[in-house]
Structures are given as C-alpha cells and as structure tokens.
Protein chains: 2
Amino acid sequence: MNIEGLILDIDGVISRGRKPIEKALEGYRLIKELGIKTVFVSNNSTRSRRIMFERFEQFGLDVGEDELIIATHATAVHISRENGESRVFTTGEDGLKEELLNLGHEIVDYREAEYLVVGSNRGINFDIFTRALRLALNDEIRYVAVNPDRVFPAEDGPIPGTGLIIGALYWMTGRQPDVVVGKPSRIIIDQAIEKLGVRREKVAIVGDQIDIDIMAGKNAGIKSILVMSGVTDEENYEEKVKETGVEPDYIFRDLNELAQSLRSEK
Amino acid sequence: MNIEGLILDIDGVISRGRKPIEKALEGYRLIKELGIKTVFVSNNSTRSRRIMFERFEQFGLDVGEDELIIATHATAVHISRENGESRVFTTGEDGLKEELLNLGHEIVDYREAEYLVVGSNRGINFDIFTRALRLALNDEIRYVAVNPDRVFPAEDGPIPGTGLIIGALYWMTGRQPDVVVGKPSRIIIDQAIEKLGVRREKVAIVGDQIDIDIMAGKNAGIKSILVMSGVTDEENYEEKVKETGVEPDYIFRDLNELAQSLRSEK
C-alpha cells in the first residue's frame, strides 16, 4: 500500500460511542510501532479538542497534541487563514466557542459579525435561528459550516446533526454554506496532511462511512481505506457505493487487520 | 369581473401586523353592502381562530363564524376528512393544538402518532426536532405541513416561518410534506370556496403576495386579484411575476379601490 501516514476516523474505527473497540486499540499500537504517522480526524461540531484528548486517555491511548484534528478546531484554523482574527456569530455550543476563542476570534452578536459559523447545538432555539437567518440573508457575511452531517445515530435512535441548521437556512434563504470544513470536505483533510508532514501520495484515510470518509479521501486526492467495524457492513456496502459513486481503495475488517497488513508489507 | 364571492388575505390586505388599513376597512364594509360573500383566509400556523376573531373585533369588523379560515383550523379539517379523528404529533404551538383538539384529534407523543403535523413554533427545540425527524424517517407516518411559509417579515426584521422546520426535515431525510394545507396549496382555498357556497367561476382570491395568494388562485383555478397595500409594490412587481411565472387577473391599489370597482359593475 506504500503508506507512511494515516488519517483516522474515530467513531466506528477506534470506538463506538464511548466504548473502545479493543481490537482497534491493538491495531493502533501496532501502527505506531511500525513508525507510521497518524492523525485522528473527527467531524464533531460541539466538542473542543480538550474533551477528545480526555476520551483517548480513558481508552489508554497516548495521542499527542499534533495527532488530533476536530472540525471545531479546524474551523477556527480555517477562519484564521482566510481572514485573521475575526468577529464570529455561531449557532454552536461551548466546545466550538472554546476553539474559536483559543485562536483569537471574538464571539459576537449577529449585528457585529463578519462570519456565520454553523455548528450543531442541542440548545438550539428560535432566537438563534432568527439571528442565523438574518446573517444568511446578508451576502457580505461569510458562512462557514463546521460539518455537513445530516443525522447522527445516537443510542436511542437518530438525532439531528449540523444539517438541521444548514437545511433550515437553505430552505429559508436558498443559501448553502460558502465553506464546509468537516469531512467529506477536503479542508479538514488538507489540515490533517499538513499535521502528518507526509507527502500526499503516501497518505490514506481510514473510516467506516463511504459518503463521509471515503468521499473525503477522493475529494482530497488521497488513498482511502474502509473498515467494516462501524456503520458499513457487507449488507449495505453495495448500496452505499451505488448511492455515492465512490469506492474505497482497500477494505479491512477493522483497524487491527489493516495494521497486520501494513506490518506484512514492511 | 362577475364576482359573487371573495377569498380575502388578511395581512397586507385588511391590516399590517396589528394595525388595520383604514381604507381597507371601508372597502370591506362596502363589499358586504353589495351582497358579495367573503371569507378571510390566513396561513397562520400558530394561532387558533378564536384569537383571530378577537383581532377582527378590535378592528371593528363583524366577521362571522363562517367567514374565517385559518391554516391551523384547515389542517384539523383536512385530517378529519382524510382519516377521521387521528393521533397527531405536532411541532406546533398551542393555537394549532387547540384547533386539532377541537375536531377530536388526539395530541400524542411521536411513538403513538399516525400524523406528523408541522407548524411553526417560537418554542422549537432540539427535542421537538428529534421527534419530528424520527417520524419523517418513517414512511408510514402521514406528514402534513400547516403552511409552506419560509420567512416571515416581523417588525424588527425577518424571522423564520414554518419553512424552518420543513427545510430542516427535508435536508435531514430527503422528505417533504405529503400535504401542505396553507396557501399556495389549493386545499385551504377549496375549503374557503365551500364556505362561500358560491360557484368556483364566480370566486376570486384577493391578496398582496404573488407567490402565495395569486399562486393559490391559479392552483385552485379561480380568479386572482392583487392589492398593492402589502409586500408587492410597483418596484418589485415585475420581478415577482418573473420569479413565479404567474400574474394576477386584476390589480388594485387597495381593498377600497376593488370595492369601488365592484360597485360600479352593479
């Protein structure tokens, strides 16, 4: 496979919800032993990196500062690169605000904003929607979505993703985000490749979702590896490939099987 | 014009927000003197008819029980006709619930529902969205929207209409309502024509919005009359006609000018 760097999805790859996938933890350790660089990439739009590092620690994984990109953080980075420190109105939660503030952006009310940043919010209400609507109606405001996720599979059933807000704004104004940061966008992937410090041809993305992870790989022009330890299984694989029109370059049962294969190459 | 019955929009025709248009009140009284039957039709998805009758009383207008159709009420009527007394989960406010209960429907949680009824709600929250999402994902649930209004022009700026919820659900599930009751749907117009008891050829709809009122007239196959006392004016008229592809049969400055013209025909 000729791989020196891996971009790893978290949910469905290393864990399911809050529970680690034991085999995957083994695989992760082996990948590190092989000297392959890794960076975790999460589309989460409500949490800060701090919370995610805590979770990795609970899993017993040693994940360094440079080995995690989360869409909240990547959004803050992207805005800095586009416009420097900016005045932001966000629909999002405290985790997103924390990341924006960390990079020197200012969280302001909608009348003062240069940016509308849409992230999911379990405390969403009519007032937040009204402010976001007024910004979306203003073409001079730059509109950035943390991720494009439509529905999230929670334990007791599906719950709305960031798409709740993106869809509402689209229907009301005809406007979609100017920029989407999270997968399948290449923006977050390009940030991950930078962090890896590995040439693009030697990087692969590993994930469990064809429309998100594998599509992100295609969008960024890197190799893609599907693991069957999450939402994609043998039953729905063909359907997903047909729906999306993309196929992974490699398929493995889980991260451990991938690690074994990488070891046999060395 | 050969008109015996008029379907009258409220906002932009008889009043602006809570303020009556004095000329229009005069016109309304003249229309009644001429023996022309009238019914007010409102797309409002949060109020019950009771609240609207109170407002007409404040305007000094005598509007009878059979002279007002509001989308909340029309939704309850439509469900009764489709399915009899039904178990309904609604995203809507108390005004909508009141109308549903008045016709014998039961307001239930989403797991017990036969119908998903989407109406605007200033108290909308993540939990209501989650329940509505789960129903929209279930093809056996009949999905009815009270109106399709995307944005509502409030005094201090635009605020979300029912389209907030319709758009969010559409983006998340790919599903649009099975039935839309309010204008420009012909469902509410057909109920209004029934109330008038006048032959369809002799009925006209009067409104200030081309995409809603005039379109409703076209959809229902009746005459349409635009009044320039609301959102449409000489500046935006051509653009709206182009956008929608429909034109009113007649145009008047306001309801009084229409009334004068109807008198001159007699």
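Residues numbered from 1 in each chain as written. Chains lettered and ligands numbered in written order. Predicted model: local features only at pLDDT ≥ 70, side-chain atom pairs only at ≥ 80, totals over all residues. Heavy atoms only, no water.

### Quick notes on the interface of chain A and chain B
Contacts between the two partners involve 28 residues from chain A and, on the opposite side, 28 residues from chain B. Together, the buried faces of chain A and chain B total about 2700 Å²; carbon and sulfur atoms form 71% of this surface. At the boundary of chain A with chain B, the tally comes to two salt bridges. Here B:Arg134 ties to A:Asp156 by a salt bridge, and the two come within 3.2 Å at their closest N and O atoms. Put simply, chain A and chain B have eight residue pairs in polar contact (both at pLDDT 80 or more) between them. Put simply, the parts of the chain that give the side of chain A that touches chain B at least two residues each are helix 5 (126–136), strand 11 (157–160) and helix 6 (163–173) of chain A. Sorting elements by how many residues they give to the side of chain A that touches chain B places helix 6 of chain A first, with eight residues. For the side of chain A that touches chain B, a count of residues per class yields 15 nonpolar, nine polar and four charged. (Contact = heavy atoms within 4.5 Å. Buried area = accessible area lost by both parts, 1.4 Å probe. Salt bridge = Lys/Arg side-chain N within 4 Å of Asp/Glu carboxyl O. Polar contact = N/O pair within 3.5 Å; in protein donor to acceptor, adjacent residues only side chain to side chain. Helix = DSSP H or I, 4+ residues; strand = E, 2+ residues; numbered from the N terminus. Nonpolar A, V, L, I, M, F, W, Y, C, P; charged D, E, K, R; others polar.)

### Concerning the relation of the copies chain A and chain B
Rotating chain A by 180° about the axis while translating it 0.0 Å along that axis superimposes it on chain B, leaving an RMSD of 0.0 Å. Expressed as an axis order, the relation between the two copies is that of a two-fold axis. The position closest to the rotation axis in chain A is occupied by the C-alpha of A:Ala168, lying 2.2 Å away. A high fraction, 100%, of the interface residues of chain A reappear at the interface in chain B, so the copies pair face to face through one surface. (Least-squares fit on C-alpha atoms with pLDDT ≥ 70 in both.)

### Digging into the domain arrangement of chain A
Residue and element names in this part refer to chain A. For chain A, the assigned domains read domain 1 (5–43 + 183–265) and domain 2 (84–180). On a C-alpha basis, the centroid separation for the pair domain 1 and domain 2 is 27 Å. Counting residues at the interface gives six residues for domain 1 and five residues for domain 2. Contact with domain 2 buries area across many residues of domain 1, yet Asn-43, Ser-185 and Ile-187 alone supply 62% of it, more than any other trio. Where domain 1 packs against domain 2, one counts zero salt bridges. At the boundary of domain 1 and domain 2, one finds three residue pairs in polar contact (both at pLDDT 80 or more). Class assignment of the residues belonging to the side of domain 1 that touches domain 2 gives a composition of three nonpolar, two polar and one charged. (Domains from an automatic or database assignment.)

### Observations concerning the side chain of B:Asn147
With respect to the element layout, B:Asn147 can be found in the loop between strand 9 (142–145) and strand 10 (151–154). The buried category is assigned to B:Asn147, whose relative accessible area is 2%. (Buried < 20%, exposed > 50% of the residue type's maximum accessible area, 1.4 Å probe, protein only.)

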